[in-house]
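Reading the structure
Listed below are the residues making up each chain.
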Amino acid sequence: FVDAWATASIVSATKEGRWLVEYAKFVDANGKLLREKVSPRRMRHVPLVPTAFNATVGQRVEGYLNDCWWPGQVVEKHDRKGFR
């Protein structure tokens, strides 16, 4: 998924300077957890869950949906409905 982040665990380092990771929620055709070699640039810590969400219109945010964090931008704020 382009621009999405998924939870994975590091399995090992490779000789090419990459990391072999195992995704927590994605499986292959045999039902085994999916593994992939990734660049260190594509790795980061799991984001903290905010205790309060006070975003402003135009602010860049990430939302957790379908087992991934997806980039987005706040476009509207509704008094009763919240953010969109």
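Notes on the structure in this doc start here. Note that the structure is a prediction, hence the values are computed from the model and not measured.

1. Section: the overall build of the protein
Summing up its helical and strand segments, the protein has zero helices and eight strands in all. Listed N to C, the secondary structure of the protein is β-β-β-β-β-β-β-β in terms of helices and strands. Taking 84 residues into account, the globule formula puts the C-alpha radius of gyration at 12 Å, and the protein, at 16 Å, lies well above it. Seen through its principal axes, the protein has C-alpha atoms that stretch 50 × 30 × 25 Å.

2. Notes on the pairing of strand β5 (residues 60-65)
By the bridge criterion, six bridges tie β5 to strand β6 (residues 68-73) in an arrangement that is antiparallel. Looking at the pairing, Arg60 lines up with Gln73 of β6. Taken together, β5 and the strand that follows it, β6, pair antiparallel across an intervening segment of two residues, in which Asn66 is found at a positive phi of about 55 degrees.

3. As for a positive patch on the surface
A surface patch of positive charge is lined by Arg18, Lys37, Arg41 and Arg42. Take Arg41: it is sitting in the loop between β4 (33-38) and β5.

4. Remarks on the pairing of strand β3 (residues 19-27)
In the sheet, strand β2 (residues 8-13) pairs with β3 via five bridges, with the strands oriented antiparallel. Its bridge partner being in β3, Ile10 is matched across the sheet by Val21. Bridge count between β3 and β4: five bridges; the pairing is antiparallel. In the strand pairing of β4, Trp19 is matched with Val38.

5. Here we look at the side chain of Thr14
Relative to the helices and strands, Thr14 resides in the loop between β2 and β3. At 3.1 Å, the side chain of Thr14 and the side chain of Glu16 are in polar contact. Setting aside chain neighbours within four positions, we find Thr14 in contact with Trp19, Leu20 and Lys37.

6. Things to note about the environment of Val21
Among the structural elements, Val21 can be located in strand β3. Taking relative accessible area as the criterion, Val21 reaches 4% and is therefore assigned buried. For the pair Val21 and Leu34, spaced 13 residues apart in sequence, the C-alpha to C-alpha distance is 8.4 Å. Those residues within four positions of Val21 in sequence are excluded, and the remaining contacts are Ala8, Ser9, Ile10, Val11, Leu34, Arg35, Glu36, Val38 and Met43.

7. Quick look at unusual backbone geometry
The phi angle at Asn66 is positive, at roughly 55 degrees, despite the residue not being glycine. We classify Asn66 as exposed; its relative accessible area is 62%. Positive phi, normally seen in glycine, also occurs at Asp67, with a value near 70 degrees. Relative to the helices and strands, Asp67 resides in the loop between β5 and β6. Judged by its relative accessible area of 29%, Asp67 is partly exposed.

Definitions and cut-offs
- The residue numbers shown here count from 1 along each chain, following its written sequence.
- Thresholds applied to this predicted model are a pLDDT of at least 70 for local features of residues and 80 or more for the giving and counting of side-chain atom pairs; totals over whole chains, interfaces and linings are not thresholded and use all residues.
- With hydrogens and water stripped out, all remaining heavy atoms of the structure feed into the side-chain values.
- Secondary structure elements are taken from DSSP: a helix is a run of H or I of four residues or more, a strand is a run of E of two residues or more, and numbering for both begins at the N terminus.
- Using C-alpha atoms as the atom set, the radius of gyration is obtained and then compared with a globule rule of 2.2 Å times the number of residues to the power 0.38.
- The pairing criterion for strands is at least two bridges between them, as found by DSSP.
- Residues qualify for a patch when their relative accessible area is over 30% and they have no salt bridge, like charges being joined within 9 Å and the nonpolar side chains of Val, Leu, Ile, Met, Phe, Trp and Tyr within 5 Å.
- Using a 1.4 Å probe, the Shrake-Rupley method yields the accessible areas, and only the shown protein chains count as cover for residues.
- Every case where a carboxyl oxygen of Asp or Glu lies within 4 Å of a side-chain nitrogen of Lys or Arg is listed as a salt bridge.
- Residues scored as charged are limited to Lys and Arg (positive) and Asp and Glu (negative), so that His and the chain ends carry no count.
- Charged side chains are reduced to one point each, which is NZ for Lys, CZ for Arg, CG for Asp and CD for Glu.
- The term polar contact refers here to a pair of N or O atoms within 3.5 Å; inside protein, the definition further demands a hydrogen-donor-capable atom paired with an acceptor-capable atom, and it admits residues adjacent in sequence only when both atoms are side-chain atoms.
- Contact between two residues is taken to exist if any of their heavy atoms lie within 4.5 Å; hydrogens are not considered.
- When accessible area is computed with a 1.4 Å probe and restricted to protein chains, residues below 20% of their type maximum are described as buried, those above 50% as exposed, and intermediate ones as partly exposed.

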